[in-house]
Amino acid sequence: MGVQHVDHLVDHLVDHLVDHLVVGAGFAGLCAAIKLQEDGERDFLVVEKGSDVGGTWRDNTYPGAACDVPSQLYSFSFAPNPEWSMSYSPQPEIQAYLRRVAERSGTLDRFELDTSFDDAAWDDATARWIVQVTGPAGRRTIGARTLIVGAGGLSEPRLPDIEGIETFQGPLFHSARWDHTVDLAGKRVAVIGTGASAIQIVPELQRTLAATGGHLDVYQRTAPWVIPRNDRRYGALERQALRRVPALGRLYRTGIYWAHEAYVPAFTIEPRIALPARKAAEANIRKGIGDPTLRAKVTPHFAIGCKRILRSNTYYPALAADNTELVTDPVAKVTGDAIVTADGVERPVDVLVVATGFWTTELPVTEHISGPAGRSLADVWREGGMAAYKGTTVPGFPNLFMIVGPNTGQGHTSMVFIIEAQVAYIRDAIRTLRERGWAAVEPRAGAFRRWNADLQRRMKRTVWTRGGCRSWYLDEHGHNTTLWPKATFTFRRRLARFDADAYDVRQEMTA
Ligand code: NAP
């Protein structure tokens, strides 16, 4: 059976045949598209369920949304931006940056927006992924040699499972699905959650509500560690210098990279190294809050770094404000117009915001990806735990490449660095497939096992597992399947080259 013959065969199965299908148009999907094009790979499509590029930066429009990693680093290395207004950019600037990068890249004609990725199944006979998508023109079937999933690790909102929440009569929305049509003036607003999203939302809400006679209740289950955010505005002169001397931007980027990388040993080797960060967080509490009872309530009882370290100068003052109450009694139930805590107190609520995080250790997209054996990736991971080889490929799933896959996450630095490293690896894999005329690759069970055994061995000494907290980094068995437990430059080095010898290869079909 020749290659032409296979294409003919697959033609019967699909409406559209491409070499590569990319899922998602956030940082990951966009990076993949730009780099594929750079390599002369013209035959690819990007499907994106939203109506714009941007991923998490398109979806998270809540008041106060900003990145807590400095933008000089939280941007593509190949698309520097001298125009950032602040060291920690607000969401609209990041979203505008991504749109601009997409437009300038000349890849947008390959993007299908408002198009959901419904399902992908590997077809062994033709060595193709057969993918169902639904777009403005209806449902279509696409055949693709490789499936590159950049659907995001923090994209599916996790709603809290609280008794009676479905009976709430007022507006209720997740932080990542902010309803801007709701007028908050003078209202009683409740925020459930005190994670990275909530600590950005709370100061904004507190200010709006204080100005309009409204009230804010913040429901805290676990107090987070919050260090100051040393934000600053870039002046006109500095921006001009960054525009004129690109090396200056690279210097900033390098400095920020190493300053963040210096945190790694505190997470992965010895939590006590983080003592200065803990002191800074304690000082942040003392500075923001005068009342000793409130100070005690917001002081965490776990090692700093066990959960993501948050950054804010305004969170504690907002909690201490007259129109805010921090509620630490557990939420017992939600009624039509109130929240009732375990101590029996009922607090009326007009608008309920749930800043309760995302599905992280059970990625919903994996329910819709099935390998040759017909089992979904979600089923495979339910049995053996979420794991991949180099965070990117999975045994039993030929030519599937995940960006921001298992154990690639970062608590301290830019995910864009990781995304670029993964895309470099995927490009090299695609180049290798082409050069050697291979139809498909999938990682060998041994390589996969060794990679993950090493990760989990290292996890045992990290602050994430022994720091005395429960976080979204861990799965239900307490395994950390989300974070990378070493320096990020090590990750990049391990993915610098596609290591074909760690893969089972299927030769291209020949007559
Ligand atoms: P998160 O960190 O998972 O925080 C969720 C919060 O909701 C936690 O305080 C959690 O309490 C609470 N919660 C969850 N279910 C609850 C329930 N049933 N009842 C009461 N409380 C409940 O989610 P997130 O704040 O959206 O942040 C997620 C991640 O997104 C971050 O870690 C970060 O990686 C990323 N992020 C980044 C930025 C940025 O600036 N770069 C901004 C926002 C988000 P427990 O702590 O007790 O579980």
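Residues numbered from 1 in each chain as written. Predicted model: local features only at pLDDT ≥ 70, side-chain atom pairs only at ≥ 80, totals over all residues. Heavy atoms only, no water.

Here's the deal with the state of the cysteines
Under the criterion given, the structure shown has one disulfide. Here Cys306 is linked by a disulfide to Cys469, with a sulfur-sulfur distance of 2.1 Å. Of note, the bridge from Cys306 to Cys469 carries an S-S torsion of about -90° and is left-handed in sense. Linking Cys306 in the loop between α10 (292-298) and β11 (310-311) with Cys469 in the loop between α15 (463-466) and α16 (488-494), this pair joins segments that are 163 residues apart in sequence. Judged by its relative accessible area of 0%, Cys306 falls in the buried class. Its sulfur unpaired, Cys31 is 16 Å from the next cysteine sulfur, which belongs to Cys67. For Cys31, a relative accessible area of 1% puts it in the buried group. (Disulfide = S-S within 2.5 Å. Helix = DSSP H or I, 4+ residues; strand = E, 2+ residues; numbered from the N terminus. Buried < 20%, exposed > 50% of the residue type's maximum accessible area, 1.4 Å probe, protein only.)

Notes on the domain arrangement of the protein
Domains assigned within the protein are domain 1 (8-156 + 359-507) and domain 2 (165-224 + 263-354). Computed over C-alpha atoms, the centres of domain 1 and domain 2 are 31 Å apart. Contacts between the two partners involve 29 residues from domain 1 and, on the opposite side, 27 residues from domain 2. Taken over both partners, the interface formed by domain 1 and domain 2 buries close to 2,400 Å², and the fraction arising from carbon and sulfur atoms is 52%. (Domains from an automatic or database assignment. Contact = heavy atoms within 4.5 Å. Buried area = accessible area lost by both parts, 1.4 Å probe.)

Focus on unusual backbone geometry
For Asp114, which is not a glycine, the phi torsion comes out positive at approximately 50°. By the element assignment, Asp114 lies in the loop between β3 (111-112) and β4 (116-123).

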